[in-house]
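Coordinates in review
So the chains spell out like this:
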Amino acid sequence: MLELIRAKAPNAKIMVMGYPQLFGSIGLTCVTGVGTTGAQILNRMAVYMQQAEMKTVESLGDKNIVYVNPDRSFDGKRACDDPEGINKLVKAQNGDGDFKCLSTDSGCISRESYHPNKTGTSAYADAVQQAIGSLREANDAPDSRRQRP
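Residues numbered from 1 in each chain as written. Predicted model: local features only at pLDDT ≥ 70, side-chain atom pairs only at ≥ 80, totals over all residues. Heavy atoms only, no water.

**Concerning the overall build of the protein**
In terms of helices and strands, the protein carries four helices and two strands. Of the regular secondary structure in the protein, the N- to C-terminal order runs α-β-α-α-β-α. Burial statistics for the protein: of 149 residues in total, 38% are counted as buried. Sequence separation of 24 or more characterises 63% of the internal contacts of the protein that already satisfy a separation of 6 or more. Here the protein displays about 9,100 Å² of accessible surface, and carbon together with sulfur accounts for 53% of that area. (Helix = DSSP H or I, 4+ residues; strand = E, 2+ residues; numbered from the N terminus. Buried < 20%, exposed > 50% of the residue type's maximum accessible area, 1.4 Å probe, protein only. Contact = heavy atoms within 4.5 Å. Areas by Shrake-Rupley, 256 points an atom, 1.4 Å probe, with all protein chains shown as cover.)

Below, the structure written as structure tokens:
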């Protein structure tokens, strides 16, 4: 996909935004149904995705394509933190784009679960702003494909 974007927009500066870890140390014990082990597995999956995306970007060797790891912007804003930037389990039907819950036992889960809320989208915006500054410096840096804040 990145090569296709580059072919269609040869002068574009491209950011690939990663996934933050969902849980901080407090979040490892606060979420019903996930548990400590589940939360650790989900965090490891986020790190795996971060590494895979970063390697993909680096393999292209294009200084105008950067990987952005949003993890630092989410420090203190993960699920169960205060303020919470990642929703915990949210029951459906919560929003217009949500599943229609056909269950009468309240067992449906919203698509908003484990996704950023207002605080989290602001954390993503912070990561993007930092990356924009890095992209501006991309042509001056000897190796600008390194991981961005």
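Following the structure, the description resumes.
**Points about helix 4 (residues 118–136)**
With 19 residues, helix 4 ought to run about 27 Å at 1.5 Å a step, and its terminal C-alpha atoms sit 27 Å apart, in line with that. In this fold, the buried residues of helix 4 make contact with strand 1 (14–17) and strand 2 (65–68). Regarding helix 4, its N-cap is N117, as a side-chain oxygen of that residue lies 3.0 Å from the backbone nitrogen of T119 further along. (Expected span 1.5 Å × (residues − 1). Polar contact = N/O pair within 3.5 Å; in protein donor to acceptor, adjacent residues only side chain to side chain.)

**Some details on the environment of V66**
Mapped onto the fold, V66 is located in strand 2. Measuring from C-alpha to C-alpha, the distance between V66 and L135 comes to 7.5 Å, with 69 residues separating the pair along the chain.

**Remarks on the nonpolar core**
A general feature of soluble globular proteins is that nonpolar side chains tend to end up buried together. Among the nonpolar cores identified, the biggest contains 11 residues, and these are L22, F23, V31, A39, F74, A79, C80, I86, Y114, A123 and Y124. Excluding residues that lie within four positions of it along the chain, A123 makes contacts with S73, F74 and K77. With seven residues, the next largest nonpolar core counts L2, V16, M54 and V57 among its residues. (Core = buried A, V, L, I, M, F, W, Y, C linked by side-chain atoms within 4.5 Å.)

**Remarks on the side chain of R78**
Here R78 lies in the loop between strand 2 and helix 4. At a separation of 2.8 Å, a polar atom in the side chain of R78 contacts the main-chain carbonyl oxygen of Q21. A polar atom in the side chain of R78 sits 3.0 Å from the side chain of D71. In this structure, R78 is in contact with P20, Q21, L22, F23, G24, D71, E84, G85 and I86, ignoring residues within four places of it in sequence.

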